[in-house]
Amino acid sequence: MQSSPFRAILIAVVALLGVLFTLPSFLPENVREAWPAFLPRQTVVLGLDLQGGSHLLLQVNQDGIVNERLQTLRRDVRNTLANQNGIGNLITTDAAKRTLTIELTDPSQKEAARKAVEGLQNVISNALLAVGGVNELAFGETPDGKLTVSLTQEGVEERMSALVAQSMEVIRKRVDELGTTEPSIQRQGTNRVLIQVPGFGDSQRLKDIISRTARLTFHMVYPGMSAAQARAQGLPAGTMILPSQDGTEELLYEEVALGGESLVDAQPSYDQQRAMPVVSFKFDTRGAITFGQITAANVGKRFAIVLDNTVITAPVIQQAITGGSGQISGNFTTASANDLAVLLRAGALPASLDVIEERTVDASLGADSIQHGLTAGVIASVLVVSFMVIAYGLWGVFANVSLVLNIVLLFGALSMLGATLTLPGIAGIVLTIGMAVDANVLIYERMREEQRAGKSPIQAINAGFERAWGTIIDSHLTQLIVAVVLYFLGSGPVQGFAVTLALGILTSLFTSYTVTSFQVATWFRFTRPKRLKIQHFRFIPDGTKIPFMKISRYVIAFSIIASVVSIGSAYFKGFNLGIDFVGGTAIVIQHEGGPADVGQVRALLDGLDLGEVQVQGFGTPEDVLLRVQAQEGGQDADQVAVAKVRDALATENYTVRSTEAVSGTVSGELAWKGTIAVLIALASILVYIWFRFEWQFAMAAVTTTTHDVIMTIGLFSLTGLEFNLTSIAAVLTLVGLSLNETVVISDRVRENLRKHRKMPLPELIDLSINQTIVRTSLTQFTLFLALIPLVLFGGEVIRSFTIAMTFGCIVGMYSSIIVNGPILINFGLKQKAEEDKAPPRSADGASV
């Protein structure tokens, strides 16, 4: 409570920085540009769910890489043995084992062949040295004496890692060609790339542009034999059959006569003679020379232009083409010719990329989400601020000033970090509003206790801040553990929620203690009151003596029954799993002519042969949510299904507002990560509380928290609420909130164990609960004041999240107050007097 110029300067500087970093996010762009260069201009980045756009998660096709590498390796081995060393051979490929088996026509040349083939390792090893320096090949011999060459797992992984890095550069060039602003292209793990393009709503075009390999090659057509004849008589050596764009097949030489890497330009153009769009291309100097040599030597022969293993065209070479340019003709539209030119200019992807997750949000839906979040936030703020003034008067004003600064610092931190704000992130901010006053309530209630114990106002204020600080640290750190787990094991919007939750916890530690204590010290220095009048309103009177432990057996019985029902429902009934966990496609549509007719939508979709389709209302009367099962054929088939739905509904004035497609691969990973996240959070909290308290407190806290998790999961199963990725976030967050209450009560139990050494343990636990129940009721009420607006006005997108949070808070308060105490006793918590009386034991365990 002493006056400290340093503390005043610190608060002023932090507040000023918070305002300066927050303002750019709320100012028009022209005002930001006019700011002096030394002032911050970084703003909060709106997530795709708030501003609209497209999100793609791509995965390198490992099987494709292996097959292509084996094909190349086979040509290299054949060339090394036959062409360079004159060793006859027959090579067979086993793609499953990633192995080539070499049978020599002359077994006496085995050692020479082995030495020649092993020489390939040097070339490949040196090529990979820049990224890993591992051996890509392993050499061996079969029992019957044939040589083998295999791809090593380490080599495949290094090649995939290098290809992902190369792919990201190609993707960045392609996205830049589209003229979009602020695209985000990030690597995820060793074999995935995440692309987020704000404001780009045509996900199909984006996917075509990004995921298409666009590998352009030129091959000579094999003369004198058709593809059908080759299938019947057997493929000539060094040839392959590829499909043609017109539905036929072509027999081509495997050898690439010329590659697309020699292209320096590609532009869409129009062939006036044939009246059709084409793509004109131009080679670099080396490519132009090679192209001229090939066409000069093969006049009268067919020359195939191949794009991604499909023959686009195979014209007859009429004369040598020495200018280094040409054109690709096919069944192009103006748009497809333009897109192909974009792909060729950006270069080919070095590997095939599969779309395993796709999300698209219309800008209008994003605007609705912002409106919902702002409405819920404003209402929650007004309710919490008003309640604090009603409950604590002037002291409530102190808390509200700290709360306002807390929100400013939170936005400032988000802006400074360039963090992405999502709709769950807005929910995290609103939740922070409810939680931020928790520490102030804890401090104020402690002051009231100290004053009732006979201390002077200055002593009560000092004791309130000092004795509450340890409890505040414990409760906030348990929530921070949850936020960290959420960030590292969550994805997308859930990570946005984790960031805002973690930053809110850290900023509230500063404002609720440092800023509030500064205000109180300043006020006290000028007023010097004889008695502190802190609280004006409470739900529960002071000095209650509710015998919680006497009803504990009934409470435990009820909790056991409720938990068994929850587990039974989860096992036998299951959950209404979202596509995050089962895969498939979720589509939000809106009827432009008034309320949507769910029956009409079902009728329109019945004949599309899409398998199981769920149709349900989604928030407003005009919006409908469709959930389409994962289609056979993967993401391409899912996209076809979306196109069918869009076309069928367009006839009745329905428009698609958002699509979300998740593959089985990603859904399985998300389910596994969600389970691991809950277990890691519980284990981390067990370790922390064990370290801070005693093992009985840690075990009791984890047991009651597990009880809360089971009850909340039971809610999802019994009510049919959609269980998705945000539901995992809700479960983990309520773990932190439940522990918040448990830690406060446990801290008071520990304090009373030192004070009342001879008091029976059940009475001591009752005393501790009654001493903290006023604070618990007030903090839970402020939390509900923040959560209820989220449930009512936060929008349908986060409805299951907010309902689960609200229910979990009720269950958490119940378990912290009534369930935790009996469990502490059952785990063997003892009075200090009992421990002191326990006789010492000898080495063999006998009493001395």
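One can find the structure itself at the top, above this paragraph.
Nothing here was measured: the structure is a model prediction, and the numbers come from that model.

Calculation criteria
- Residues numbered from 1 in each chain as written.
- Predicted model: local features only at pLDDT ≥ 70, side-chain atom pairs only at ≥ 80, totals over all residues.
- Heavy atoms only, no water.
- Helix = DSSP H or I, 4+ residues; strand = E, 2+ residues; numbered from the N terminus.
- Expected span 1.5 Å × (residues − 1).
- Bend = angle between axes of the 7 residues up to and from the residue.
- Buried < 20%, exposed > 50% of the residue type's maximum accessible area, 1.4 Å probe, protein only.
- Core = buried A, V, L, I, M, F, W, Y, C linked by side-chain atoms within 4.5 Å.
- Contact = heavy atoms within 4.5 Å.
- Phe/Tyr/Trp six-rings, centres within 6.5 Å; stacked < 30°, edge-to-face > 60°.
- Pairing = 2+ DSSP bridges.
- Axes fitted to C-alpha atoms, helices over the stretch in contact; angles between N-to-C directions.
- Salt bridge = Lys/Arg side-chain N within 4 Å of Asp/Glu carboxyl O.
- Patch = residues over 30% accessible without salt bridge, like charges linked within 9 Å, V, L, I, M, F, W, Y side chains within 5 Å.
- Areas by Shrake-Rupley, 256 points an atom, 1.4 Å probe, with all protein chains shown as cover.
- Parallel < 35°, antiparallel > 145°, perpendicular 65-115°, else oblique.
- Left-handed = near helix turned anticlockwise from the far one by under 90°.
- Nonpolar A, V, L, I, M, F, W, Y, C, P; charged D, E, K, R; others polar.

1. Observations concerning helix α23 (residues 761-793)
Each full turn of the α-helix corresponds to 3.6 residues, which orients residues three or four apart in the same direction.
Thinking step 1. Given a rise of 1.5 Å per residue, 33 residues ought to cover 48 Å, and the 45 Å separating the end C-alpha atoms of α23 matches this to within 8%.
Thinking step 2. Maximal helix bending in α23 amounts to about 45 degrees, located at Thr 772.
Thinking step 3. Counted residue by residue, α23 has 25 buried out of 33 residues, so it is predominantly covered.
Thinking step 4. Directly after α23, the chain includes Gly 795, whose backbone phi takes a positive value near 95 degrees.

2. Quick notes on the nonpolar core
Thinking step 1. The biggest cluster of nonpolar side chains holds 119 residues, and the ones touching the most others in it are Tyr 392, Trp 395, Tyr 444 and Ile 689.
Thinking step 2. Broken down by element, this core gets its largest block of residues, 16 residues, from helix α13 (residues 423-452).
Thinking step 3. If near-sequence neighbours (up to four positions away) are discounted, Trp 395 is found in contact with Tyr 444, Met 447, Ile 461, Val 520, Trp 523, Leu 532, Lys 533 and Ile 534.
Thinking step 4. Listed in part, the 45 residues of the second largest apolar core include Ile 102, Val 156, Val 164 and Leu 206.

3. Section: the packing of aromatic side chains
Centre-to-centre distance and the angle between the planes together describe a pair of aromatic rings.
Thinking step 1. Counted according to the given criterion, the structure contains 25 aromatic pairs.
Thinking step 2. Their ring planes at 35 degrees and their centres at 5.4 Å tell us that Phe 575 and Phe 723 sit as a pair that is tilted. Of this pair, Phe 575 sits in the loop between α16 (552-572) and β20 (576-577) while Phe 723 sits in strand β25 (residues 722-723); the two residues are 148 residues apart in sequence, bridging distant segments of the chain.
Thinking step 3. On the basis of relative accessibility, which here comes to 31%, the residue Phe 575 falls in the partly exposed class.
Thinking step 4. Its relative accessible area of 10% is what places Phe 723 among the buried residues.

4. Side note on unusual backbone geometry
Thinking step 1. For Asp 609, which is not a glycine, the phi torsion comes out positive at approximately 55 degrees.
Thinking step 2. Turning to its location among the elements, Asp 609 is positioned in the loop between α18 (598-606) and β22 (613-618).
Thinking step 3. The exposed category is assigned to Asp 609, whose relative accessible area is 69%.
Thinking step 4. For Asn 653, which is not a glycine, the phi torsion comes out positive at approximately 65 degrees.
Thinking step 5. The residue Asn 653 is located in the loop between α19 (635-650) and β24 (654-662) in this model.
Thinking step 6. Taking relative accessible area as the criterion, Asn 653 reaches 45% and is therefore assigned partly exposed.

5. Some remarks on the sheet that holds strand β3 (residues 89-94)
Thinking step 1. Read across the sheet, 4 strands follow the order β3-β4-β6-β5 without closing on themselves; strand pairing throughout is antiparallel. The open sheet is flanked by β3 and β5 (137-141), the only strands paired with a single partner. Strand-to-strand twist of the sheet, defined as the mean angle between neighbouring strand axes without regard to direction, takes the value 20 degrees.
Thinking step 2. Note that strand β4 (residues 99-104) and strand β6 (residues 147-151) share 4 bridges and pair antiparallel. Of the residues in β6, the one forming a bridge with Ile 102 is Leu 147.
Thinking step 3. Together, β3, β4, β5 and β6 form the strand contacts of helix α4 (residues 62-85), whose direction differs from that of β3 by roughly 170 degrees.

6. Here's the deal with the pattern of salt bridges
Proximity of charged atoms lets side chains of opposite charge pair with each other.
Thinking step 1. Applying the stated criterion to the full structure yields 22 salt bridges.
Thinking step 2. Residue Glu 445 is joined to Arg 448 by a salt bridge in which the shortest nitrogen-to-oxygen separation is 2.6 Å. Linking Glu 445 with Arg 448, this pair stays in helix α13, spanning 3 residues, or about one helical turn.
Thinking step 3. Classification of Glu 445 by relative accessible area gives buried; the value is 7%.
Thinking step 4. Judged by relative accessible area, Arg 448 falls into the buried class, the value being 8%.
Thinking step 5. Each of Arg 446, Glu 449, Glu 450, Lys 455, Arg 467, Arg 748, Glu 751 and Lys 755 takes part in salt bridges that share partners, so that together they form one network.

7. Some words on the pairing of strand β7 (residues 184-188)
Regular strands show a simple pattern: their side chains alternate between the two faces of the sheet.
Thinking step 1. As defined by bridge partners, β7 adjoins strand β8 (residues 192-198) across 5 bridges and the pair is classed as antiparallel. In the strand pairing of β8, Ile 185 is matched with Ile 195.
Thinking step 2. Where β7 folds back on β8, the antiparallel hairpin that results is connected by 3 residues, among which Gly 189 adopts a positive phi of roughly 70 degrees.

8. Some words on the sheet that holds strand β13 (residues 263-271)
Thinking step 1. Strand order in the open sheet formed by 3 strands is β13-β14-β17, with antiparallel pairing between adjacent strands. Taken across any chain shown, the strands that pair with only one partner, and hence form the sheet edges, are β13 and β17 (325-329). Neighbour to neighbour, the strand axes of the sheet diverge by 30 degrees on average, direction disregarded.
Thinking step 2. Bridge count for β13 against strand β14 (residues 276-283) is 8 bridges, and the pairing is antiparallel. By the bridge assignment, Pro 268 is partnered in β14 with Val 279.
Thinking step 3. Contacting β13, β14 and β17, helix α10 (residues 334-346) runs over the sheet at an angle of about 170 degrees to β13.

9. Quick notes on a nonpolar patch on the surface
Thinking step 1. Where nonpolar side chains cluster on the molecular surface, the patch consists of Val 389, Leu 394, Val 397 and Val 401 and spans about 280 Å² of accessible area.
Thinking step 2. For the nonpolar patch, the element with the highest residue contribution is helix α12 (residues 394-417), accounting for 3 residues.
Thinking step 3. For Leu 394, the location among the structural elements is in helix α12.
Thinking step 4. What makes Leu 394 partly exposed here is its relative accessible area of 40%.

10. Observations regarding the packing of helix α6 (residues 153-177) against α10
The relative placement of two packed helices is expressed as an angle between their axes plus a distance between the axes.
Thinking step 1. In the contact formed by α6 and α10, the axes pass within 9 Å of each other and the chain directions differ by 140 degrees. It follows from the interaxial angle that α6 and α10 lie oblique. Crossing of α6 against α10: the hand is right-handed. Between α6 and α10, the residues in contact are Val 170, Lys 173, Arg 174 and Glu 177 and Val 342, Leu 343, Arg 345 and Ala 346, respectively.
Thinking step 2. Among the residues forming the contact of α6 with α10, the class breakdown is 4 nonpolar, no polar and 4 charged.

11. Some words on the environment of Ala 460
Thinking step 1. With respect to the helices and strands, the residue Ala 460 is situated in helix α14 (residues 457-489).
Thinking step 2. Under the relative-accessibility criterion, Ala 460 is labelled buried at 0%.
Thinking step 3. For the pair Ala 460 and Arg 448, spaced 12 residues apart in the sequence, the C-alpha separation amounts to 7.4 Å.
Thinking step 4. Ignoring anything within four residues of it in the chain, the contact list for Ala 460 reads Met 447, Glu 450, Gln 451, Lys 455 and Leu 532.

12. Side note on the packing of helix α1 (residues 5-22) against α12
Thinking step 1. For the pair α1 and α12, interaxial distance at closest approach is 7 Å and the crossing angle is 55 degrees. Comparing their axes, α12 and α1 come out oblique. Between α1 and α12 lies a crossing of left-handed hand. Taking contact as the criterion, the partners of Val 14, Ala 15, Gly 18, Val 19, Phe 21 and Thr 22 in α1 are, on α12, Leu 405, Val 408, Leu 409, Phe 411, Gly 412, Ser 415 and Met 416.
Thinking step 2. The residue inventory of the contact of α1 with α12, partitioned by class, reads 9 nonpolar, 4 polar and no charged.

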